[in-house]
Amino acid sequence: MSRRRVIPGLPLSLGITLFYVGLIIALPLGALIFKAASLGPEAYWNIISSERAVASYRVTVLSALAATLFNLVFGLALAWVLVRYSFPGRRLVDAIVDLPFALPTAVAGIALTTLFAPNGWFGGPLLEAGIRVAYTPIGIMIAMAFTSLPFIVRTVQPVLEDLDPALEEAAQSLGGSDLSIFWRVILPILWPALLAGTSLAFARSLGEFGAIIFIAGNQPFSTEITALLAFIRLEEYDYQAAAAIASVMLITAFVMLAVTNFMQARALRYTARS
């Protein structure tokens, strides 16, 4: 006797899935590509290679890289503490990790600006020490790090929870130091999850908008991100230029995710053979 399926059969499920994927994902991306393609090759290249656009790419990518590297270290440490240690307030800290997911990014940007402004709680003492955060690339990095941290913590945390303690015990019995156990035993198991979390955090940082515009200062050639430049072109009713600039971000995200998936697949095959 065949078992009852709670979810409808393949044709209906697949049809509903493809419909919503097309409506929510493929249709907007197709419209973006179509609008950018309406430009000729020369006009398209002139827009995406303009001095202001290149400066925005540089600010966005470098800030996203810095924020992702920070979250790679801090997020791994935070996930390790949440899994391996019990302390008062652990559940509260675990819940706070998801706050950037629930908090509107504009609210996060206003809060960060209030804290790191020259007269803010953190910004004032830092400014006295010669470090200006708000309205500088440092502020952009902080906003990106705040909004993308949960991606690394939440991808690494389940793997740490499922990690077999016998592997570490065996390595300790063979005389391995704490550093060598982490590097040779734990890190290879965490590597696919770290790759996935890092790529998602980097992609989120590249596309972040609301949390950045309040703290960045939005100065062309200095603190103007690519998403803001595309928004400015929309406000100027230059839809083709906005689509062209946005297409650069889209292509970058696709390439990055493809490379990450390739590296993750290789890491999983290596882990399976080990």
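Everything here concerns the structure above.
Sequence order sets the numbering: in each chain, residues are counted from 1 along the sequence as written. In view of the model being predicted, local features appear only for residues whose pLDDT reaches at least 70, and side-chain atom pairs are presented and counted only at 80 or more, with totals across whole chains, interfaces and linings using the full set of residues. Heavy atoms from the whole structure form the basis of all side-chain values; hydrogens and water molecules are not counted.

Novice: I'm lost on the packing of helix 3 (residues 51-84) against helix 10 (residues 178-207) in this one. Help?
Specialist: Think of two packed helices as two axes; the pair is described by the angle between the axes and how far apart they sit. Fitted lines through C-alpha atoms give the axes, limited to the stretch in contact for helices. The angle between two N-to-C directions lies from 0 to 180 degrees. Helix and strand labels come from DSSP, where a helix needs a run of H or I of at least four residues and a strand needs a run of E of at least two; each type is numbered from the N terminus. In the contact formed by helix 3 and helix 10, the axes pass within 9 Å of each other and the chain directions differ by 140°. Judged by the inter-axis angle, helix 3 sits oblique to helix 10. Here helix 3 and helix 10 pass one another in a crossing that is right-handed. In this structure, helix 3 uses T60, V61, A64, L65, A67, T68, L72, L76 and W80 to contact helix 10, whose residues at the interface are F182, I186, L190, L194, T198, A201, F202, S205 and L206. Should an angle fall under 35 degrees it is taken as roughly parallel, and over 145 as roughly antiparallel, whereas 65 to 115 is taken as roughly perpendicular and any remaining angle as oblique. Here a crossing is taken to be left-handed if its near helix is turned anticlockwise relative to the far helix by less than a right angle, and right-handed if that turn runs clockwise. Note on contacts: a residue pair qualifies if any of its non-hydrogen atoms lie within 4.5 Å across the two residues.

Novice: Would you mind going over the environment of A43 with me for this structure?
Specialist: Along the chain, the position of A43 falls in helix 2 (residues 41-48). The class of A43 is partly exposed, set by a relative accessible area of 31%. Through-space distance from the C-alpha of A43 to that of A244 is 9.6 Å; in sequence the pair is 201 residues apart. Think of it in three bands: residues with accessible area under 20% of the maximum for their type are buried, residues over 50% are exposed, and the middle band is partly exposed, with areas taken using a 1.4 Å probe on protein chains only.

Novice: Looking at this model, I keep getting lost on the nonpolar core. Mind explaining?
Specialist: What makes a nonpolar core is a set of buried Ala, Val, Leu, Ile, Met, Phe, Trp, Tyr and Cys residues whose side-chain atoms join them at distances within 4.5 Å. Counting residues in hydrophobic clusters, the biggest one holds 23 residues, and the most contacted among them are I140, A143, M144, I212, I215 and I225. The set of elements that each furnish at least two residues to this core consists of helix 3, helix 6 (105-116), helix 8 (137-162), helix 10, helix 11 (210-216) and helix 12 (226-235). Ignoring anything within four residues of it in the chain, the contact list for I140 reads V59, S63, I212, I215, A216, T223 and I225.

Novice: Is there a simple way to think about the packing of aromatic side chains in this case?
Specialist: The relative placement of two aromatic rings is captured by the distance of their centres and the angle of their planes. Ring pairs shown here join Phe, Tyr and Trp side chains whose ring centres sit within 6.5 Å, with only the six-membered ring taken for Trp; geometry is labelled stacked below 30 degrees between planes, edge-to-face above 60, and tilted in between. Scanning the model with the defined rule gives 7 aromatic pairs in all. With a centroid separation of 5.4 Å and 80° between ring planes, the pair formed by F19 and Y20 is classed as edge-to-face. Arranged with centres 5.4 Å apart and planes meeting at 55°, the rings of F209 and F231 form a pair that is tilted. Here the residue F209 occupies a position in the loop between helix 10 and helix 11, and F231 occupies one in helix 12, the gap between them amounting to 22 residues. Residue F209 is classed as partly exposed on the basis of its relative accessible area of 26%. In this structure, R84 is placed above the aromatic ring of W80, and the distance from its NZ or CZ to the ring centre is 4.4 Å. Criterion for a charge above a ring: Arg CZ or Lys NZ at most 6 Å from the ring centre, at most 35 degrees from the ring normal.

Novice: Sorry, what's going on with the side chain of T136 here?
Specialist: Along the chain, T136 falls in the loop between helix 7 (123-128) and helix 8. Only 3.1 Å separates the side chain of T136 from the backbone oxygen of R132, close enough to count as a polar contact. Residues in contact with T136, not counting those within four places in the same chain, are I215, A216 and T223. We call two N or O atoms a polar contact when they sit within 3.5 Å, provided that within protein one can donate a hydrogen and the other can accept it, with sequence-adjacent residues counted only if both atoms are side-chain atoms.

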